[in-house]
Amino acid sequence: VFEKTFPPNSYGVMMGYSYIGYYHMLLENNDDAIQWYNKILQAEKNKENEYIKITTINDLGDVYLKSDTKKARSLYFKSLRILSGKYGKNHPVTIRTHQKLSAYYQQANNFDSAKHHIEYATKLVLKNGGNNTFTYANISIDYSRFLLENRQTNKAIEKADEAINAITSFQYSSQDKG
């Protein structure tokens with residue numbers, strides 16, 4: 001339907017492919033997810049779809065994280081290079097990529113690298129005044145999970161509290177803006 005609604009290679013078509021890929025990933029139909037994500041990467045490049053093509057590299061990393069962790073790591077670093085160069089290290093998706101790398105390193109039992117990436121993501125969000133955002137809350141939840149898995153219960157609880165405070169703060173500020 002969306003292919004008939006939007007021009008070829010448009011943002012609308014690419015988003016349709018992205019959603020289909022995402023749902024296949026959730027259903028653990030990884031081959032189908034890869035197929036739909038690759039449609040995005042193979043589309044003719046234009047200004048309208050450039051950003052979604054870059055974020056799709058991250059999405060593919062998420063799919064491969066379940067089956068081919070070396071490929072996932074490679075895709076995350078490729079995404080990180082492109083995003084950092086094009087949008088800067090403070091861009092939310094660049095920060096999110098550090099979060100994904102932390103998850104990769106946790107899965108690979110490389111806890112020093114996992115900690116480095118989650119702490120770096122946290123530092124970047126806080127540097128941008130983001131301690132009351134959903135990005136910060138999301139990172140704090142992942143950081144809390146990392147700490148809990150490494151038997152640092154008190155620190156994990158502190159990070160979980162930070163996530164709750166960030167969400168609460170965001171809800172209040174959103175309501176205040178009307």
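Structural data are supplied above this passage.
Residues numbered from 1 in each chain as written. Predicted model: local features only at pLDDT ≥ 70, side-chain atom pairs only at ≥ 80, totals over all residues. Heavy atoms only, no water.

Caption draft 1: The packing of helix 4 (residues 50-64) against helix 6 (residues 92-107), seen in detail. Their axes nearest at 11 Å, the elements helix 4 and helix 6 cross at an angle of 10°. On the basis of the axis angle, helix 4 is roughly parallel to helix 6. Packed against helix 4, whose contacting residues are Tyr51, Thr55, Asn58 and Asp62, the element helix 6 presents Val93, Thr97 and Lys100 at the interface. Here the contact of helix 4 with helix 6 is built from residues that sort into two nonpolar, three polar and two charged. (Axes fitted to C-alpha atoms, helices over the stretch in contact; angles between N-to-C directions. Helix = DSSP H or I, 4+ residues; strand = E, 2+ residues; numbered from the N terminus. Parallel < 35°, antiparallel > 145°, perpendicular 65-115°, else oblique. Contact = heavy atoms within 4.5 Å. Nonpolar A, V, L, I, M, F, W, Y, C, P; charged D, E, K, R; others polar.)

Caption draft 2: Here's a closer look at the side chain of His24. You can see His24 is positioned in helix 2 (residues 11-26). With relative accessibility at 19%, the residue His24 sits in the buried group. Beyond its immediate chain neighbours, meaning those up to four positions away, His24 contacts Asn29, Asn30, Asp32, Ala33 and Trp36. (Buried < 20%, exposed > 50% of the residue type's maximum accessible area, 1.4 Å probe, protein only.)

Caption draft 3: How the structure looks around the packing of aromatic side chains. Applying the stated criterion across every chain yields a total of four aromatic pairs. When the ring of Tyr17 is compared with that of Trp36, the centres are 5.4 Å apart and the planes differ by 50°; the resulting orientation is tilted. Here Tyr17 is found in helix 2, whereas its partner Trp36 is found in helix 3 (residues 30-42), with 19 residues between them in sequence. Here Tyr17 and Trp36 have matching classes, each one buried. Ring centres of Tyr51 and Tyr87 lie 5.5 Å apart, and the angle between their planes is 90°; this geometry places the pair in the edge-to-face category. Note that Tyr51 is positioned in helix 4 and Tyr87 in helix 5 (residues 69-87), a separation of 36 residues in sequence. Taking the relative accessible area as the measure of exposure, Tyr87 reaches 32% and is therefore partly exposed. Geometry around Trp36 places Lys39 over its ring, the cationic atom sitting 4.3 Å from the centre. Between the NZ or CZ atom of Lys71 and the centre of the ring of Tyr64, over which it lies, the distance is 5.5 Å. (Phe/Tyr/Trp six-rings, centres within 6.5 Å; stacked < 30°, edge-to-face > 60°. Lys NZ or Arg CZ within 6 Å of the ring centre and 35° of its normal.)

Caption draft 4: Layout of unusual backbone geometry. The backbone of Glu28 sits at a positive phi, close to 60°, despite the residue not being glycine. When you line up the elements, Glu28 lands in the loop between helix 2 and helix 3. In this structure, Asn109 is a non-glycine residue whose phi angle is positive, near 60°. Take Asn109: it is sitting in the loop between helix 6 and helix 7 (111-127). By relative accessible area, Asn109 is classed as exposed at 56%.

Caption draft 5: How the structure looks around a nonpolar patch on the surface. Judged by side-chain polarity, Tyr19, Tyr22, Tyr23 and Leu26 come together as a nonpolar surface patch covering roughly 440 Å² of accessible area. Examined against the element boundaries, Tyr23 turns out to sit in helix 2. A relative accessible area of 47% means that Tyr23 is categorised as partly exposed. (Patch = residues over 30% accessible without salt bridge, like charges linked within 9 Å, V, L, I, M, F, W, Y side chains within 5 Å. Areas by Shrake-Rupley, 256 points an atom, 1.4 Å probe, with all protein chains shown as cover. Salt bridge = Lys/Arg side-chain N within 4 Å of Asp/Glu carboxyl O.)

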